[in-house]
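# Summary of the model geometry
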Amino acid sequence: MIFPPDKRTLTLKTDGVSHSYTFTKEFYNANEVVDFLNDKFEHGDDNGKTAPLVASLENGRLKITHKVVGSHTITEIGGSAKGVVFYYENGRKGQDGFMLQVGALGNQGLELPRLRVGTASLKINSITISKPKYAEKALRRLDEAINMLSERRSTYGALQNRIEYLNANNRNIAQNVQASESRIRDADMAKEMVEHLKNKLLTQVSESVLAQANQVPNRLLNLLQ
């Protein structure tokens, strides 16, 4: 994980208390993030406050649970490092797009945004309905998740249509290039045939002239006799 200078603060709220944690390094792997958080939970956050939390890795994802009552007591997660810690794909350094080369020239590329649609990225991985106010909040978050999912489906749908168009266009270009190459080859063969006939004709003319030239002395001798 890469933590730029402007994305290094993570805030967690549990038991009604907010905790702030600032990552000091730029590069962390997943295990280092877990070790960093567990150390801060035990020895104190940026303000020296400890938290009854435990960080762990589960199927390549970060999981934070309460030591006593489990995982549904973290009521709020924020900070500039929130996206880096929770929403980036495992093994990736960022949310950079994937480039496809769709043409013969260097600037003919198509960028595919790599968006996640898991519960964490849709922000519905920790909803609870144990109280009416939590249920109302859960419904709002589910509505937001549906809207986010629709937007991402629209994005990929438009990209799919564009890729299909580019694929059909590239096939037409390939067929046109092949046809042009065939015509060029036919034209070159015709040129070679004309050159061959010309050379053959010149050779025959030369042989004929040489033969006639060889007969001139014999004719002169016949005249002198």
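Our subject is the structure listed above.
A short tour of the structure in this document, coming up. (Residues numbered from 1 in each chain as written. Predicted model: local features only at pLDDT ≥ 70, side-chain atom pairs only at ≥ 80, totals over all residues. Heavy atoms only, no water.)

### Examining the overall build of the protein
Scanning the protein from N- to C-terminus turns up 3 helices and 7 strands. In the protein, the succession of helices and strands from N to C terminus is β-β-α-β-β-β-α-β-β-α. When each of the 225 residues of the protein is scored for burial, the buried share is 21%. In the protein, of all internal contacts separated by at least 6 residues, the share reaching a separation of at least 24 is 50%. (Helix = DSSP H or I, 4+ residues; strand = E, 2+ residues; numbered from the N terminus. Buried < 20%, exposed > 50% of the residue type's maximum accessible area, 1.4 Å probe, protein only. Contact = heavy atoms within 4.5 Å.)

### Re the nonpolar core
Counting 18 residues, the largest nonpolar core has Phe 23, Leu 37, Phe 41, Leu 62 and Ile 64 as its most contacted members. Elements that contribute at least two residues to this core include exactly β1 (9-14), α1 (30-43), β3 (53-58) and β4 (61-66). Among the elements that line this core, the one with the most residues is α1, at 5 residues. Counting residues in each nonpolar core, the second largest holds 5 residues, with Val 102, Leu 110, Leu 112 and Leu 166 among its members. (Core = buried A, V, L, I, M, F, W, Y, C linked by side-chain atoms within 4.5 Å.)

### Things to note about the packing of aromatic side chains
The relation between two aromatic rings is expressed through the spacing of the ring centres and the mutual angle of the planes. Under the criterion given, the structure shown has 4 aromatic pairs. Seen from their ring centres, Tyr 21 and Phe 41 are 5.4 Å apart, and the 80° between their planes marks the pair as edge-to-face. Separated by 20 residues along the polypeptide, Tyr 21 in strand β2 (residues 17-22) and Phe 41 in helix α1 bring together distant segments of the chain. Neither residue differs from the other here; Tyr 21 and Phe 41 are each classed as buried. Look at Tyr 28 and Phe 36: their rings are 6.0 Å apart centre to centre, the planes differ by 65°, and that puts the pair in the edge-to-face class. The pair Tyr 28 / Phe 36 is uniform in exposure class, with both members buried. The structure contains a cluster of three or more aromatic residues connected by ring pairs, namely Phe 23, Tyr 28 and Phe 36. If you follow Lys 25 out to its NZ or CZ, it ends over the ring of Tyr 28, 4.9 Å from the centre. (Phe/Tyr/Trp six-rings, centres within 6.5 Å; stacked < 30°, edge-to-face > 60°. Lys NZ or Arg CZ within 6 Å of the ring centre and 35° of its normal.)

### Looking at a nonpolar patch on the surface
The grouping of Leu 201, Val 205 and Val 209 at the surface amounts to a nonpolar patch, some 270 Å² of accessible area in total. Examined against the element boundaries, Val 205 turns out to sit in helix α3 (residues 132-224). Using a relative accessible area of 44% as the deciding quantity, one classes Val 205 as partly exposed. (Patch = residues over 30% accessible without salt bridge, like charges linked within 9 Å, V, L, I, M, F, W, Y side chains within 5 Å. Areas by Shrake-Rupley, 256 points an atom, 1.4 Å probe, with all protein chains shown as cover. Salt bridge = Lys/Arg side-chain N within 4 Å of Asp/Glu carboxyl O.)

### Here we look at the side chain of Arg 8
Of note, Arg 8 is situated in the segment before β1. Despite being buried, Arg 8 has no salt bridge partner; Glu 26 is the closest side chain of opposite charge, sitting 4.6 Å away. Within polar-contact distance, the side chain of Arg 8 engages the backbone oxygen of Thr 24 at 3.2 Å. Excluding residues that lie within four positions of it along the chain, Arg 8 makes contacts with Phe 3, Tyr 21, Thr 22, Phe 23, Thr 24, Lys 25, Glu 26, Ser 80 and Ala 81. (Lys, Arg positive; Asp, Glu negative; His and termini not counted. Polar contact = N/O pair within 3.5 Å; in protein donor to acceptor, adjacent residues only side chain to side chain.)

### A word on the pattern of salt bridges
Summed over the entire model, instances satisfying the criterion amount to 2 salt bridges. In this structure, the salt-bridge partner of Lys 198 is Glu 195, at a minimum N-O distance of 3.4 Å. Pair noted here: Lys 198 and Glu 195 are both in helix α3, with a separation of 3 residues, about one helical turn. By relative accessible area, which is 42% here, Lys 198 ends up partly exposed.

### What to know about the pairing of β2
On a regular strand, each side chain points to the face opposite its neighbour's, so the side chains alternate between the two faces of the sheet. Sheet analysis places β1 next to β2, joined by 6 bridges and oriented antiparallel. Looking at the pairing, Lys 13 lines up with Ser 18 of β2. Hairpin connection from β1 to β2: 2 residues lie between these consecutive antiparallel strands, with Asp 15 at a positive phi of about 55°. (Pairing = 2+ DSSP bridges.)

### A word on the side chain of Ser 20
Position of Ser 20 relative to the elements: it lies in strand β2. Given the relative accessible area of 18%, Ser 20 is considered buried.

### So, α1
In this model, α1 (14 residues) spans 20 Å end to end at C-alpha, consistent with the 20 Å of a helix rising 1.5 Å per residue. Those residues of α1 that fall on the buried side of the exposure criterion are Val 33, Val 34, Phe 36, Leu 37 and Phe 41. The buried residues of α1 occupy an angular sector of 165° when the element is viewed end-on, so they sit on one face. Across α1 from its buried face, at more than 90 degrees, point the exposed residues Asp 35, Glu 42 and His 43. Each element contacted by the buried residues of α1 is listed here: β1, β2, β3 and β4. Where α1 begins, the capping side chain belongs to Asn 29, and its oxygen is found 3.2 Å from the backbone nitrogen of Asn 31. Just beyond α1, the residue with positive phi is Gly 44, at close to 120°. (Expected span 1.5 Å × (residues − 1). Arc of directions from axis to C-beta.)

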